[in-house]
Amino acid sequence: MALLVRTHYALAKESIRRNRTRSFLTCLGIGIGVASIILILSLMGSINNMITLQVKAMGADLVVVRPAKHTDAVESVVDGLTSANQYLTSNLTLEDARAIAGLSNVEASAPIAAGVATLSAEDRTISSASVIGTSMDLNRVQNLQLLNGTFLSQKVQNAAVVGKTLSLELFGTADEAVGKTFTLMDQKFIVVGMLEEMEDPINFSNVDFDSSMLVDAEYLAKIGGTFQVQQINVKAANTGVLASLSDEMKDFLKAEKVGDENFEVLYGDAISHPAGGLFTIVSGMLTVVASVSLIVGGIGVMNILLVSVAERTREIGIRKAVGASSFNILLQFMFEALILSLAGGMLGFILGYAFAFLVSVFTPFAPYIDWGIVIVTLSTSVAIGVVFGMYPAVKAARKNPIESLRYYR
Amino acid sequence: MSPADVIIDLKGVSKRYGVGDAESYALRDFDLTVKRGEFIMIMGPSGCGKTTLLNILGLLDKPSEGEYILNGQSIERASERKKARLRAKKIGVIFQDFNLIPHLSVLDNVTLPMVYAGYTKTHRELMADKVLDRFRLQEREYYMPYQLSGGQQQRVAIARSLVVDPEIILADEPTGNLDSRSSHVVMEELKEIHSEGNTIIMVTHNPALTSYATRVIHMLDGQIDTDIKTVDDDDLPQPVEIHFRKRKILKEVKAALSGKKSEDLDEEEQITEEEER
């Protein structure tokens with residue numbers, strides 16, 4: 001058997017080498033399909049990885065409350081994709097945040113009420129800036145570094161902390177925004193602090209702090225801002241009380257939101273799946289699109305093998321006449337399909353990661369490599385080879401040797 | 001003549017094409033007994049069933065009716081796989097248009113049957129070497145078929161048919177595409193092979209070649225018209241026992257592979273080993 005495999009491997013390799021261009025193009029077809037899957041998997045993995053690391057770096061004492069409804073149905077995903085705020089369905093309120101802050105074992109807690117509003121400074125106006133209502137405890141919960149100035153405080157209600165990118169757009173300065181004023185909903189605000197540029201703008205709060213304006217949520221509500229609370233971040237007193245605190249919060253919210261229990265309380269690794277279902281469904285859809293190109297690649301393999309079988313009808317006849325069984329011929333072509341698709345898979349693996357690294361140069365993503373992805377790639381390539389190689393190989397094996405010998409090109 | 005010397009026995013073989021009104025017979029109730037060492041020439045007009053007969057003998061085609069006994073075994077119930085093995089090991093075929101694989105070198109073409117008979121690469125090349133040497137083609141080993149003349153190509157094809165040391169050689173007009181000089185060379189080769197005890201069944205249109213044969217069969221409409229033996233059965237070349245020769249070649253190959261010491265090995269065991277593989 002080993003000899004048989006080796007012989008047919010050599011035969012198939014020979015035939016592929018003879019038609020280099022054709023084989024390369026076929027491999028490329030498979031390669032592009034595999035590459036797009038690799039790219040998606042590696043970027044998704046990198047996002048998850050980034051948040052997991054972040055949660056870990058901040059200590060494992062975080063508890064997060066999020067609305068859960070958007071994970072329920074595809075409709076809400078469509079809502080999320082088509083509207084500016086994907087947390088439309090949130091029914092968490094500032095009262096909830098306040099109540100949770102009052103629980104024992106809570107060291108600090110901060111709501112994240114994100115919205116879009118018009119900001120106007122002396123000479124510039126930004127009509128759709130990201131404004132986040134939160135509390136002064138946010139920088140204890142989430143490790144925010146200040147470039148200069150101070151964070152929000154009890155003393156000044158209309159204080160604001162600005163991210164670097166937004167500061168540049170609004171005030172035209174990347175480091176001297178402290179002390180400047182701007183107008184939000186007809187109220188004057190004063191910038192008291194600037195945030196250090198974030199290394200990884202993707203985080204468990206699902207907020208890009210670099211291009212956001214942080215203001216006090218209570219004050220925002222007072223002046224008529226109707227931002228919804230999309231998340232409540234809680235820092236527990238210590239890791240030992242995480243489970244009981246989470247249960248306590250769940251009980252409290254359950255009692256509060258009878259009939260509309262649209263929330264989830266997460267801690268530990270569970271936090272690292274941002275926006276839960278939405279993320280999974282979007283990446284799932286991308287994967288489906290990528291596998292379409294993989295199927296197209298597979299059809300390419302089938303096509304090229306059918307051509308090869310037709311071209312080599314006479315050769316098949318000769319081989320059968322000198323003693324090849326149908327199984328031998330089947331193996332020969334199956335090996336050809338397998339080599340093509342495996343080579344394509346490897347090419348795709350390299351292409352996919354090359355592209356992922358390229359993306360990582362321009363974005364904060366770091367390509368994520370693990371054995372799971374390698375195994376997925378290899379097994380898809382093998383599956384494609386077997387599935388799309390079977391028909392041409394069977395066709396070749398079934399050829400009648402007498403008719404094949406009579407065949408002239 | 002003992003029954004063991006009968007290598008091929010066709011009993012009432014018919015080959016039918018088409019159904020109903022379109023029915024026609026390429027072979028009709030055909031009986032043929034071939035003894036080891038015969039050199040049979042089959043002649044006859046086009047469409048008399050010569051090629052069909054050769055295809056059936058070569059296990060490429062199945063008779064519609066009748067029985068085919070090869071080496072004392074009926075092949076009626078043999079599996080496709082078993083037939084392929086018989087083709088690879090027991091039967092050598094030579095065609096009118098050579099049928100070499102154009103993109104394989106002479107050496108690869110010659111080793112082709114051995115690939116399917118299950119020999120290792122070193123083994124294959126050593127044995128092919130010997131055969132090519134015999135046909136004075138050794139210096140052409142790495143030529144491609146299109147670089148050879150017709151006569152040389154046919155000699156490569158003959159080398160290919162002989163490389164696994166088959167018991168029967170089937171030739172379908174081997175000189176049909178050759179000029180008279182090349183024809184002569186090829187026929188001399190076949191004659192030599194025959195004199196070593198091989199059984200050759202050859203189809204031809206050229207009456208001048210019948211002088212090489214020990215038996216000439218004229219066919220007409222799928223049946224034997226005349227059947228003339230020019231050599232007495234007892235005078236057929238028999239001296240070389242096939243298994244003996246095979247053993248000898250194997251022994252030499254093994255010796256070449258291991259350097260020496262092949263005499264120490266049990267020859268009988270080598271054969272069975274090879275056969276099982």
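### Points about the overall build of chain A
Counting its secondary structure elements, chain A contains 13 helices and 10 strands. Here chain A holds 409 residues, and 43% of them are scored as buried. Pairs at least 24 residues apart make up 82% of the contacts formed inside chain A by residues separated by at least 6 positions.

### Digging into the pairing of strand 7 (residues 168-172) of chain B
All names here are of chain B. Most of strand 7 sits inside the fold, with 5 of its 5 residues counted as buried. Burial along strand 7 is two-sided: I168, L170 and D172 and I169 and A171, pointing in opposite directions, are all buried. Pairing of strand 6 (residues 91-94) with strand 7, which is carried by 4 bridges, proceeds in the parallel orientation. For I94, the partnering residue across the bridge sits in strand 7 and is A171. In the sheet, strand 7 pairs with strand 8 (residues 199-203) via 5 bridges, with the strands oriented parallel. Looking across to strand 8, one finds that L170 is bridged to I201.

### Section: the nonpolar core
Ranked by size, the top nonpolar core spans 118 residues in total, and within it I40(B), I42(B) and V110(B) carry the most contacts. The greatest single-element share of this core, amounting to 14 residues, is contributed by helix 2 (residues 20-57) of chain A. Discounting chain neighbours no more than four positions away, the residues touching I42(B) are K50(B), L53(B), I201(B), M202(B), V203(B), I217(B) and M219(B). Judged by nonpolar contacts, the second largest core, of 53 residues, contains V65(A), A113(A), L138(A) and A159(A).

### Quick notes on the interface of chain A and chain B
The interface is formed by 16 residues belonging to chain A together with 20 residues belonging to chain B. Secondary-structure elements contributing two or more residues to the side of chain A that touches chain B are helix 1 (2-18), helix 10 (313-321), helix 11 (326-362) and helix 13 (401-405) of chain A. Within the side of chain A that touches chain B, the residues separate by chemical class into 9 nonpolar, 5 polar and 2 charged.

### Quick look at the sheet that holds strand 4 (residues 65-70) of chain B
Residues and elements named next belong to chain B. The 4 strands are arranged 2-1-4-5 in an open sheet whose pairing can be described as antiparallel. Edge strands, defined here as strands with exactly one partner in the open sheet, are strand 2 (24-35) and strand 5 (73-74). Note that strand 1 (residues 6-17) and strand 2 share 8 bridges and pair antiparallel. Across the sheet, the residue bridging to L10 is L32, located in strand 2.

### Some remarks on the packing of helix 11 of chain A against helix 12 (residues 371-397) of chain A
Residue and element names in this part refer to chain A. Packing of helix 11 against helix 12 leaves a shortest axis separation of 7 Å and a crossing angle of 150°. Between helix 11 and helix 12, the crossing angle belongs to the class labelled roughly antiparallel. Classified by chirality, the crossing of helix 12 by helix 11 is right-handed. Classifying every residue of the contact of helix 11 with helix 12 by side-chain character gives 18 nonpolar, 10 polar and no charged.

### Brief notes about the sheet that holds strand 7 of chain B
Residues and elements named next belong to chain B. Strand order across the open sheet formed by 6 strands is 6-7-8-3-9-10, with mixed pairing between neighbours. Only two strands of the sheet have a single partner each, and these edge strands are strand 6 and strand 10 (223-229). In this sheet, neighbouring strand axes are inclined to one another by 15° on average, regardless of whether the strands run parallel or antiparallel. Relative to strand 6, helix 5 (residues 150-162) is tilted by about 170°, and along the sheet it contacts strand 6 and strand 7.

### Notes on unusual backbone geometry
For D186(A), which is not a glycine, the phi torsion comes out positive at approximately 65°. Since 7 C-beta atoms lie within 10 Å of it, D186(A) is described here as exposed. The phi angle at D165(B) is positive, at roughly 60°, despite the residue not being glycine. Note that D165(B) resides in the loop between helix 5 and strand 7. Residue class for D165(B) comes out partly exposed when judged on the 18 C-beta atoms lying within 10 Å of it.

What counts, and where the lines are drawn
Residues numbered from 1 in each chain as written. Chains lettered and ligands numbered in written order. Predicted model: local features only at pLDDT ≥ 70, side-chain atom pairs only at ≥ 80, totals over all residues. Helix = DSSP H or I, 4+ residues; strand = E, 2+ residues; numbered from the N terminus. Buried ≥ 20, exposed ≤ 12 C-beta atoms within 10 Å, placed from the backbone. Contact = placed C-beta atoms within 7 Å. Pairing = 2+ DSSP bridges. Core = buried A, V, L, I, M, F, W, Y, C linked by C-beta atoms within 7 Å. Nonpolar A, V, L, I, M, F, W, Y, C, P; charged D, E, K, R; others polar. Axes fitted to C-alpha atoms, helices over the stretch in contact; angles between N-to-C directions. Parallel < 35°, antiparallel > 145°, perpendicular 65-115°, else oblique. Left-handed = near helix turned anticlockwise from the far one by under 90°.

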